[in-house]
Amino acid sequence: MYQNVRFRLTRLFTAVLSLLLAVLLGVCFYFNIKQQFSLQLSSFTSQSYAVSESISEQTVLTSRWLAAHEENAGFRIYLWDNGAELFHNGDHANQLLPEYARYLSEPDAGHTLQPQEKTNGVSIGRHGILPEVLRYQKQLVKNDSILQVCFLQSLRPLYSRIRSSLLLYVLLFLFSLCLLALFCWYFTGRLLQPLRTSQESQNRFIADVSHELRTPLAVILSSASACEKAPPAEQKSFFQVIAREGAQMSNMLEQLLTLSRADSHGLVLRMEETDLQTLLLETYENFLPLAADSGHLLSIRLPESELPLCNCDQGRIRQVCHILLHNALSYTPAGSNVLLFIAEGSYEKEITVGVQDNGPGIPDGEKEKIFDRFYRIRSGAFVPDSEKGHHGLGLAVAKEIAAAHRGTLTVSDASGGGALFLLTLPVCGNF
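Presented here is a report on the structure given in the accompanying data block. (Residues numbered from 1 in each chain as written. Predicted model: local features only at pLDDT ≥ 70, side-chain atom pairs only at ≥ 80, totals over all residues. Heavy atoms only, no water.)

## With respect to the overall build of the protein chain
Assigned secondary structure in the protein chain consists of nine helices and 13 strands. Burial analysis of the protein chain (431 residues in total) assigns 39% to the buried set. Contacts spanning at least 24 positions in sequence make up 68% of the contacts within the protein chain whose residues lie at least 6 apart. Of the roughly 24600 Å² of accessible surface on the protein chain, 57% is carried by carbon and sulfur atoms. (Helix = DSSP H or I, 4+ residues; strand = E, 2+ residues; numbered from the N terminus. Buried < 20%, exposed > 50% of the residue type's maximum accessible area, 1.4 Å probe, protein only. Contact = heavy atoms within 4.5 Å. Areas by Shrake-Rupley, 256 points an atom, 1.4 Å probe, with all protein chains shown as cover.)

Quick look at the structure:
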């Protein structure tokens, strides 16, 4: 599906950009032709005027002189002396292309020019739509005789240059089209990369959820099957297993629901002014029995001065504290110290709640990954998740809750070894 969407978007973008490029090159080609024609017309006009002035100044006109000016100017010169045509270098009619002969004007013979346009004294002879020749005619009075001059210049060389320019524009367009196709293919790949990453993440998420739910479901189903065959005295133990696995599934589903709401910006917070010292004391008392059972030394440290109230959702912040403490008790060996505290310092804008342990700590390469969903460290001194009931969702939930409060949740190495988690929240008036 991804490749199909990418291919179709590439075709669409390439077609649109190619159309824009074709229009742009067409406009450039039009103005290029217009500029070339203007230059040709300007050159012909200035040269014709200069040659006609030179003819008027000459006392004797020779064929060699006319031929030299024709070669230098790039056009044909025709002269009539009192209506009689003057020839040089042979017959002009044979030297001129037959289809251009109609543009010669012989007043005495009554010939007329074909439909034309006049620009700066220059006639533009047309045959159909396109101009064919440029014509300049002037009458001179010389030695009591009337000398008429006519200059004709073919536009075929100009059209030859235009065809070369057109070929160049076409090749440029084809080359640009290839570059556009490659660029669009690369651009759509970058454009769809977040979608592809999201799709892959969803696929992994579904696979991970399925994997995590399969284990407790298998235990529940096997316990239920064994319970049917077990005597009444042994059924209680199977019921306890079913209840424990059901509780784990319920906890995981609740975490998944929280993450889903956070993704859709539907995580509802019941904000109220909260005394975090009281909240931490209650959390500390709730975790004392669990810490004693696991052989951990749980302690709390609160500042002596009174702290400002924090605008937060008490239930969600308590949930974050439970996640951090539960992880600290689960992934540190018995006898480890776990400290719950509010960081000392400036409380004008924010309050920091911390959980610190002196366990094995978290490797630097894993510090960012542990907040990913279903990510768990399975090496070193960490206890396997299957024995602790963890699914790799707790820290992801805690980070989403912190972000919803416009706060942060970070992890670093503790000064004496172990891990240090800091939850930073804005105080009232700064949310």
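Don't stop here, the text continues.
## A word on the packing of helix α7 (residues 314-330) against helix α9 (residues 394-404)
Between α7 and α9, the shortest axis-to-axis distance is 9 Å and the interhelical angle comes to 145°. Handedness of the α7/α9 crossing: left-handed. Across from R316, Q319, V320, I323, L324 and N327 in α7, the residues of α9 making contact are G394, L395, V397, A398 and I401. Within the contact of α7 with α9, the residues separate by chemical class into seven nonpolar, three polar and one charged. (Axes fitted to C-alpha atoms, helices over the stretch in contact; angles between N-to-C directions. Left-handed = near helix turned anticlockwise from the far one by under 90°. Nonpolar A, V, L, I, M, F, W, Y, C, P; charged D, E, K, R; others polar.)

## What to know about the packing of aromatic side chains
Tallied over the full model, the rule gives seven aromatic pairs. Measuring from centroid to centroid gives 5.2 Å for F75 and F151, while their planes differ by 40°, and the two rings are tilted. With a gap of 76 residues between them, F75 in the loop between α2 (63-73) and β1 (76-81) and F151 in strand β6 (residues 145-154) connect regions that are remote in the sequence. The pair formed by F75 and F151 is uniform in burial state, with each residue classed as buried. On the basis of an interplanar angle of 20° and a centroid distance of 5.9 Å, the ring pair of F183 and F187 is categorised as stacked. Of the two residues, F183 and F187 are both situated in helix α4 (residues 156-229); the distance of four residues between them amounts to about one turn of the helix. An aromatic cluster is defined as three or more aromatic residues linked by ring pairs; in this entry it consists of F44, F75, Y136 and F151. Taking NZ or CZ as reference, K399 lies 4.6 Å from the ring centre of F371, over its face. (Phe/Tyr/Trp six-rings, centres within 6.5 Å; stacked < 30°, edge-to-face > 60°. Lys NZ or Arg CZ within 6 Å of the ring centre and 35° of its normal.)

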